[in-house]
Amino acid sequence: MSHAEVSIHKSDPLHNQICDRIMDNLDEMIWSLALPDLNPIYFNAAAINFFQHSPQELMEHRHLWLEAIATEDRRKIQQELEKEQKTDLSIFTFRIQLPTGKLRHFHARLKVFKDSSGLPIRLDAIAYAVPSSENASDRDLLDIPQSNIDLEIDLETDLEIDLEIDREQVDLTSDLTLLNEELERQIGESDRNLRDKESRNLSILHALPDLLLLLKPDGTCIECIIPSGCDKAKYLPIQHHISEVLPPETLAAQLKLYDQAIATGEVQIYEHQLFKFGKLVHEEVRIAPYCKDELVVIVRDITERKETEQQLQNLTDRLTLALKSAAIGIWERDLVRDQLVWDRGMYELYGVSPEQFTNNRLTWLNYVYPSDREIIESASQLALQGKKDYDIEFRIVLPNGSIRYIQAYALLQRDGEGIPQRFIGINFDITERKIAETKIIQTARQLANTNHELESFSYSVSHDLRAPLRHMNGFVMALQQQLQKHEALNDPKVEHYLQVIAKSSQKMGHLIDGLLTLSRYGRRSLESTQIPVRVLVDEAIAILRNEPSYNPMVKFSIGDLPVVIGDPILLQQVFCNLIGNAVKFSRTRANPHIIIDSLPDQTIRIQDNGVGFQIEYAEKLFGAFQRLHNEREFEGTGIGLAIVQRIVQRHGGSIWAEGYPDRGATFFLKI
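Owing to the predicted nature of the structure, the values given are computational and were not obtained by experimental measurement.

Each value, and the rule that gives it
Position numbers for residues start from 1 in each chain and track the written sequence from start to end. Owing to the predicted nature of the model, reporting of local features is limited to residues with pLDDT of at least 70; listing and counting of side-chain atom pairs is limited to 80 or more, with chain, interface and lining totals taken over all residues. To obtain the side-chain values, all non-hydrogen atoms of the structure were included, while hydrogens and water were left out. A pair is scored as a salt bridge if a Lys or Arg side-chain nitrogen falls within 4 Å of a carboxyl oxygen belonging to Asp or Glu. The numbering of helices and of strands both runs from the N terminus, where a helix is a DSSP run of H or I of at least 4 residues and a strand a run of E of at least 2. Residue burial is assigned from relative accessible area. The probe radius is 1.4 Å, only protein chains are included, and a residue is buried under 20% of its type maximum, exposed over 50%, and partly exposed in between. Disulfide assignment relies on a single distance test, namely cysteine sulfur atoms paired within 2.5 Å. A helix's residues, less one, multiplied by 1.5 Å, set its expected span. Summarising the geometry, the arc corresponds to the directions from the helix axis toward the C-beta atoms. What makes two residues a contact is simply this: any of their non-hydrogen atoms within 4.5 Å.

Colleague: Which residues make up the pattern of salt bridges, and what values go with them?
Modeller: In the structure shown here, the tally under the stated rule is 23 salt bridges. Residues Glu-332 and Arg-422 are paired through a salt bridge, measuring 3.3 Å at the closest nitrogen-oxygen approach. One end of the pair, Glu-332, is in strand β11 (residues 328-334); the other, Arg-422, is in strand β15 (residues 420-429), and 90 residues separate them in sequence. Arg-422 gets classed as partly exposed once you look at its relative accessible area, which sits at 26%. Here Arg-433 makes a salt bridge to Glu-437, at a shortest N to O gap of 3.2 Å. Taken together, the residues span about one helical turn, with Arg-433 and Glu-437 both in helix α13 (residues 431-485) at a distance of four residues. In this structure Arg-433 comes out as partly exposed when scored by relative accessible area, which is 35%. Sharing partners across several salt bridges, the network here consists of Glu-271, Glu-284, Arg-286, Arg-305, Lys-306 and Glu-309.

Colleague: Run through the state of the cysteines, naming residues and quoting values.
Modeller: Under the defined criterion, the tally for this structure stands at zero disulfides. Its sulfur unpaired, Cys-224 is 5.2 Å from the next cysteine sulfur, which belongs to Cys-221.

Colleague: Please provide a residue-by-residue account of helix α15 (residues 533-545), values included.
Modeller: One turn of an α-helix holds 3.6 residues; hence residues three or four places apart share an orientation. Its 13 residues give α15 an end-to-end C-alpha distance of 19 Å, which sits within 8% of 18 Å, the value for a rise of 1.5 Å per residue. Buried within α15 are the following residues: Val-533, Leu-536, Val-537, Ala-540, Ile-541 and Leu-544. Looking straight down α15, one finds that the buried residues subtend no more than 130° of arc, so they occupy a single side. Elements that come into contact with the buried residues of α15 comprise β16 (529-532), β17 (555-558), β18 (563-566), α16 (568-585), β19 (593-598) and β20 (604-608).

Colleague: Please provide a residue-by-residue account of helix α8 (residues 248-264), values included.
Modeller: Counted at 1.5 Å a residue, the expected span for α8 with its 17 residues is 24 Å, and the 25 Å between its end C-alpha atoms agrees. Every buried residue of α8 is listed here: Thr-250, Leu-251, Gln-254, Leu-257, Tyr-258 and Ala-261. Mapping the buried residues of α8 onto a view down its axis gives an arc of 125°, with all of them on the same face. Opposite its buried face, α8 presents the exposed residues Pro-248, Glu-249, Lys-256 and Ala-263, each directed more than 90 degrees away. Of the residues one or two after α8, Gly-265 is the one with positive phi, at around 75°.

Colleague: Break down unusual backbone geometry for me, citing the residues and quoting the values.
Modeller: In the Ramachandran plot, Gln-602 falls in the positive-phi region, its phi being about 75° despite a non-glycine side chain. In this fold, Gln-602 is placed in the loop between β19 and β20. Taking relative accessible area as the criterion, Gln-602 reaches 45% and is therefore assigned partly exposed. Here the phi dihedral of Asp-662 falls at roughly 65°; this positive angle occurs in a residue that is not glycine. Positionally, Asp-662 belongs in the loop between β21 (654-659) and β22 (665-670).

Shown next as structure tokens:
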């Protein structure tokens, strides 16, 4: 702020308003410029009208008033301004171009005002239109009486205004009493307006979220305005001096900035940390020179902003560590300018340096395995069309000739009209994963081949064993017939031997049948369909009731059961075997009870109150030909649960069992 501007601001506001009203009622144009930078500081109503801009625009743009002056006269105006600063007085003519395009002549007088030290601080100008000026010359205009052009304005001292107006233009016989009354009325109205404006300004200041201070350079507090709506613990009131709230080291730094703000005339901004009520807070302080011995200090609490910045920095650091540890590279492709930008991770993935890479798509494609370039092009087109996300795998060839597998993800950014602008994506090395996947696929194939060979072998062996077994049974029967003819069967030992051979061959036949059944269930193709488990359970119970060994004393309690997807024939065998085992191993109980229901996660449960088993042998239950009970007590080949497990596993499910001796067994099935 210049010396002239400061002087005006320090003048009596009421006096200024009266002067402004008087000058706004004049037809002459009056304006003032601050020296030496010629910044506008005042325009009366006539000047504003002729210069064709608002007061704010004229004040903010220092040369805007010159644009209303005729182009040919602008140079003259600038010369007169320079001349006037040397001679203190200048008289000249100029033209203003009206909105209609016509030119209007004006006579102007410029005068310089100086401060007490003789330094020029302000230039005042007064101009008025010259009648019939289209034919007037500068020489003619110089002949106009001095009384018509001698209007001067002095806004620096006490802003007393001496107006010398030609008696032909102003009638000085107006009633002074009426003028005084009008002036008193205007003064009263101006006073009320000033008080209202001051009240509004104070309300605005209190509504701001910042602490406002008016201070002396030594830190003495002239005024402290605390925001009315903020937390009372956020800002501490200052009674006399800022040392009341600042520690010594912070106080010294702030006083130094006060001096710097006054010396340079520039706003000083800095941040500091304080402990208030046991909590660390961050504040931003703005220090602005107000006048020679006063400063405006604005204090803003930025604790939340600092905490947010710290959180963002922590997230950035974590992301950086994650990207480094996962060997992830970030890239951006500008579709408009066809530019490709890589971060350091991308250069490391591709084994090149920034100097070796040209930031365009063609250079990047040179590193892509030739047959995989079509994959990238297709993925890009689908993403641009909005049909599919950019998510692909491809191979790259490093400078040393080695091949690596890359996984790429990208997001497509569009402008407000939906036009694609850029891809932002990541690349990361999946070579180790691809190698592991290849090994798993190879192992799975080998395992499938081995299982197929084992099933074929089991089937062949079982089938081939039937022939000698039939021969054995046949010869035993023939031997019994021969011995009966010769009455040799009367010997108990001979009869016993023959019974052992017959039973063993029968058992052997049952085992072979079990192997064939197990092999058949392993080879049978699945025909999946949706089927309620309750239907399978009811059919299994109906089948068991038709068997001769069925115990009619068994009680079934059936709860809620889910609907599953699977092969109905194979799943029917599962429930026949499981429910059949529950019936068989609970037949020694006086009141056999079987519960069939499901858990909240759709796990099927089959529970009996039979003989149970020792829990440590639970895994052996599902092995082929594994038995946990004496064959004389409970018949069977030990192949039933192995068949159940094989079918469940083929459906992608699981089965397990729990039990205790004489406390029953529970089988859990999840399909």
